[in-house]
Amino acid sequence: MLDSLVRLCVTICRRYGLHAHDIFGHWDFRTTQCPGAAFYRQFPTLRRQVFRALGTSLGDVPARRWPDLWRFVNSPSVRVAQYLLAHHGYPVEPTGVFDAATVAAVQDWQARNALPVDVDATLNAGTWETLAPELDQHSAGLPVTAVQYLLNFKGYADVAVTGGYDHATRRAVRDLQALHGLPRNGKVGTGTWCAIVGGVVRQSFTRR
């Protein structure tokens, strides 16, 4: 089944000019259980196989390919962005619904950080990378809550949403880092944030 899916993805990529780093899960953009935690863990492997079949050069892969979320897109990753916006002082509720308050907060954040203000409040790479702080075992608060929420949602059932960077959270982060070819240091830097919210990192394509 995986081999058949790889062939299908390769055919679609060739037909529409897409790349392996353009493959995302349904729940990266919508509030749904699709594609499920067990299969989602295979996405890095799926992308790598499509990457090799397409003959893509590693230099053509962006360092990080974040999910572009915008107003009208409701998903668990939107809720993560809302936790981060609230951490930075914006009056938004972490509901996963990209509401008017979230649109206003994203656009204000973009303006304050010298980023192009997107008419649809798109959470693009620049927006994500300025929003997300680096986390380690000494971290606490809403950014940690955001990480724990999404890890739990995506299958790490032993991760409790407490806001404290505990052992279960570090263990889950290391596991996710290993899946994506990132250093297993247990810290949530920019690359790990990207992988957590459903994005793709270049390091993933260097694994065998």
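This text goes with the structure placed above it.
Residues numbered from 1 in each chain as written. Predicted model: local features only at pLDDT ≥ 70, side-chain atom pairs only at ≥ 80, totals over all residues. Heavy atoms only, no water.

(A) Inspection of the pattern of salt bridges at higher detail. Per the stated rule, a full pass over the model turns up seven salt bridges. Residues D28 and K154 are paired through a salt bridge, measuring 3.2 Å at the closest nitrogen-oxygen approach. In this pair, D28 sits in the loop between α1 (2-16) and α2 (37-40) while K154 sits in the loop between α7 (142-153) and α8 (167-179), placing the two residues 126 residues apart along the sequence. A residue is classified by how much of its surface remains accessible, and K154, at 8% relative accessible area, is buried. Here R112 and D108 are joined by a salt bridge, their closest N and O atoms 2.5 Å apart. Of the two residues, R112 and D108 both sit in helix α5 (residues 100-112), four residues apart, roughly one turn of that helix. (Salt bridge = Lys/Arg side-chain N within 4 Å of Asp/Glu carboxyl O. Helix = DSSP H or I, 4+ residues; strand = E, 2+ residues; numbered from the N terminus. Buried < 20%, exposed > 50% of the residue type's maximum accessible area, 1.4 Å probe, protein only.)

(B) Representation of α8 in the model. Compared with an ideal rise of 1.5 Å per residue, which puts 13 residues at 18 Å, α8 spans 19 Å between its outermost C-alpha atoms and is within 8% of the ideal. The set of residues buried in α8 consists of A168, T169, A172, V173, L176, Q177 and L179. Those residues of α8 hidden inside the fold are in contact with α3 (43-54), α7 and α9 (190-196). A positive phi of about 75° marks G181, the residue just after α8. (Expected span 1.5 Å × (residues − 1). Contact = heavy atoms within 4.5 Å.)

(C) Geometry of the packing of aromatic side chains. Across all of its chains, the model carries ten aromatic pairs by this definition. Note on W27 and Y40: the rings are 5.1 Å apart at their centroids and 65° apart in plane angle, and the pair reads as edge-to-face. Placement of the pair is W27 in the loop between α1 and α2 and Y40 in helix α2, with a sequence separation of 13 residues. The pair formed by W27 and Y40 is uniform in burial state, with each residue classed as buried. Among the aromatic residues, ring-to-ring pairing joins W27, F39, Y40, F43, Y83, Y149 and F153 into one connected group. Sitting over the face of the ring of Y16, R15 holds its NZ or CZ atom 5.0 Å from the ring centroid. (Phe/Tyr/Trp six-rings, centres within 6.5 Å; stacked < 30°, edge-to-face > 60°. Lys NZ or Arg CZ within 6 Å of the ring centre and 35° of its normal.)

(D) Broad picture of unusual backbone geometry. For the peptide bond that leads from C34 to P35, omega is 15°, which places it in the cis range. Along the polypeptide, P35 turns up in the loop between α1 and α2. The phi angle at F72 is positive, at roughly 85°, despite the residue not being glycine. With respect to the secondary-structure elements, F72 resides in the loop between β1 (64-65) and α4 (76-87). F72 gets classed as exposed once you look at its relative accessible area, which sits at 59%. The residue A121 is not glycine, and still its phi comes out positive at about 55°. On the secondary structure map, A121 appears in the loop between α5 and α6 (125-131). A relative accessible area of 0% places A121 in the buried class.

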